[in-house]
Amino acid sequence: MKQALQIVFKGMEPSDAIEEAVRRRVEHLERFAGDLVACRVVVEQHHLHRQQGRPFGVGIELTTPGHDLVVDRVEHEEFQVALREAFDNMKRRLEEVVRERRGDEKQHPR
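Treat the numbers as computed from the prediction; the structure is a model and nothing was measured. Counting from 1, residues in each chain are numbered in the order their sequence is written. This being a predicted model, a pLDDT of at least 70 is required before a residue's local features are given, and a value of 80 or more before pairs of side-chain atoms are given or counted; all residues contribute to the totals for chains, interfaces and linings. The side-chain quantities take in all heavy atoms of the structure and omit both hydrogens and water.

A.B. asks: Would you mind going over helix α1 (residues 16-32) with me for this structure?
C.D. replies: A run of DSSP states H or I qualifies as a helix once it reaches four residues; a run of E qualifies as a strand once it reaches two. Both are numbered from the N-terminal end. To estimate the expected span of a helix, count its residues, drop one, and scale the result by 1.5 Å. Compared with the 24 Å implied by 1.5 Å per residue over 17 residues, the 25 Å span of α1 between its first and last C-alpha is a close match. Among all positions of α1, only Ile18, Ala21, Val22, Val26 and Leu29 are buried. Take α1 and look down its axis: the buried residues cluster within an arc of 130 degrees, on one side only. Turned more than 90 degrees away from the buried face of α1, the exposed residues are Asp16, Ala17 and Arg31. Throughout, a contact is declared for two residues whenever any of their heavy atoms are within 4.5 Å. Its buried side turned inward, α1 meets β1 (6-10), β2 (38-45), β3 (56-64) and α2 (79-102). Here a polar contact is recorded for every N or O atom pair within 3.5 Å, except that within protein the pair must consist of a potential hydrogen donor and a potential acceptor, and residues adjacent in sequence are included only if both atoms are side-chain atoms. At the N-terminal boundary of α1, the capping side chain belongs to serine 15, with an oxygen 3.3 Å from the backbone nitrogen of alanine 17. The buried label applies to any residue whose accessible area, calculated with a 1.4 Å probe on protein chains only, is under 20% of its type's maximum; exposed applies above 50%, and partly exposed to all values in between. This arc is built from the directions going out from the helix axis to the C-beta atoms.

A.B. asks: What's the story with the environment of glutamate 44 in this structure? I'm lost.
C.D. replies: Here glutamate 44 lies in strand β2. Taking the C-alpha atoms as reference points, glutamate 44 and proline 14, separated by 30 residues in sequence, lie 10.0 Å from one another. Filtering out sequence-adjacent residues up to four positions away, glutamate 44 remains in contact with Lys10, Met12, Pro55, Phe56, Gly57 and Arg73. Within polar-contact distance, the side chain of glutamate 44 engages the side chain of arginine 73 at 3.3 Å.

And the structure:
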């Protein structure tokens, strides 16, 4: 990645364990598409909700040559679930970009 990974914490204290989990997920994306330019991950914990506790939110902004990919905040009560769902969404979007670049898009008959 050309720019350093940026991890932003909102509504909670920074955590080494969370940073490590995010870094592992980003490294996986880099192995899939090696030309990543920048990545910004926002991890937030919302205020106490009467019925749902304090859900975590994970949002990702990823830049590749010619594309800015965004996964809006994915929320869940468990951090690992929110992280997995956000990065799964980003991987699907990145797969579309890689297929498009390779010319592997589905060709429709005329």
